[in-house]
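These are the residues of each chain, in order.
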Amino acid sequence: MSVSLDNRIENDIRLDASSVWVLSDLKQFNYSDGIASERYLHKVFSEARDLSSNSHELEQWIKDWPSEYHLSRKRSQLLRGFDFDRSKKVLEVGCGCGAITRFLGETFDEVVSIEGSLSRAKLARLLSKDLTNVEVLCAPFQEIKFKERFDIIFCIGVFEYSGSFVKADDPYDAILDYFYNMLNPDGILVLAIENQ
């Protein structure tokens, strides 16, 4: 199943050469593990045969903390214990380089992942390149105006940084309000905060 965003978002967006949807008036969002780390991930995602969230091959490429964070099978263990309904429409906020995006694409029929950094969004798309049910959008998530609501929103390792990228008196409440307004009435928010 292919998910196309051009008819599902009110904002002006375009599909770039790397198959990432980009907000037309995108302002640069500088969050990175460093250019060397991102180049290394690009090499790994381009050369590895098994890109699955349970890939032993990807783990063989781990050489330091950033690569472990992005290549370890442990990332998706956070969600493996849940019994999800595959047909639920999913929004992932802050997909980074795609470790959780990959798992969501393997688990659900329809996934939209948002990332503010273009270089990281391109890595998330590369990691999920064979999953036609996943779309990656590069934009500040709070600026996107979706025409529909979602059944589940995943926000993994992002919420705790709200004060850095959301301009509001209380950025944490502002994000929770955004999520509330993006969910169907019986929708679910899966929120995980990194603590190690």
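Residues numbered from 1 in each chain as written. Predicted model: local features only at pLDDT ≥ 70, side-chain atom pairs only at ≥ 80, totals over all residues. Heavy atoms only, no water.

Visitor: Go over the sheet that holds strand β3 (residues 89-93) with me, naming the residues and quoting the values.
Guide: The 7 strands lie next to each other as β1-β2-β5-β4-β3-β6-β7, forming an open sheet whose pairing is mixed. In the strand order of this sheet, the two ends are held by β1 (13-15) and β7 (183-192), each with one partner. Ignoring which end each strand starts from, the neighbouring axes of this sheet average 20° apart. Here β1 pairs with strand β2 (residues 21-23) via 3 bridges, running antiparallel. The partner of Arg14 across the bridge, within β2, is Val22. Those strands touched by helix α5 (residues 99-107) are β3, β4 (110-115), β5 (134-138) and β6 (150-156), and its axis lies near 180° from that of β3. The sheet strands contacting helix α6 (residues 118-127) are β2, β4 and β5, and the helix crosses β5 at an angle near 175°. (Pairing = 2+ DSSP bridges. Helix = DSSP H or I, 4+ residues; strand = E, 2+ residues; numbered from the N terminus. Axes fitted to C-alpha atoms, helices over the stretch in contact; angles between N-to-C directions. Contact = heavy atoms within 4.5 Å.)

Visitor: Give a description of the packing of helix α1 (residues 35-47) against α6 that names residues and reports values.
Guide: A packed helix pair is summarised by two numbers, namely the angle formed by the two axes and the spacing between the axes. Where α1 contacts α6, the two axes come as close as 9 Å, and the packing angle between them is 15°. Judged by the inter-axis angle, α1 sits roughly parallel to α6. Between α1 and α6 lies a crossing whose hand is left-handed. Within the contact between the two elements, α1 uses Glu38, Leu41, His42, Phe45 and Ser46 and α6 uses Ser119, Arg120, Leu123, Leu126 and Leu127. Here the contact of α1 with α6 is built from residues that sort into 5 nonpolar, 3 polar and 2 charged. (Parallel < 35°, antiparallel > 145°, perpendicular 65-115°, else oblique. Left-handed = near helix turned anticlockwise from the far one by under 90°. Nonpolar A, V, L, I, M, F, W, Y, C, P; charged D, E, K, R; others polar.)

Visitor: Give me the lowdown on the environment of Leu5, citing residues and values where you can.
Guide: You can see Leu5 is positioned in the segment before β1. Leu5 sits in the buried class, given a relative accessible area of 0%. A C-alpha to C-alpha distance of 27 Å links Leu5 and Asp50, two positions 45 residues apart in sequence. Other than its neighbours up to four places away in sequence, Leu5 contacts Ile13, Trp21, Val112, Glu135 and Leu137. (Buried < 20%, exposed > 50% of the residue type's maximum accessible area, 1.4 Å probe, protein only.)

Keep in mind these numbers describe shape, not what the thing actually does.
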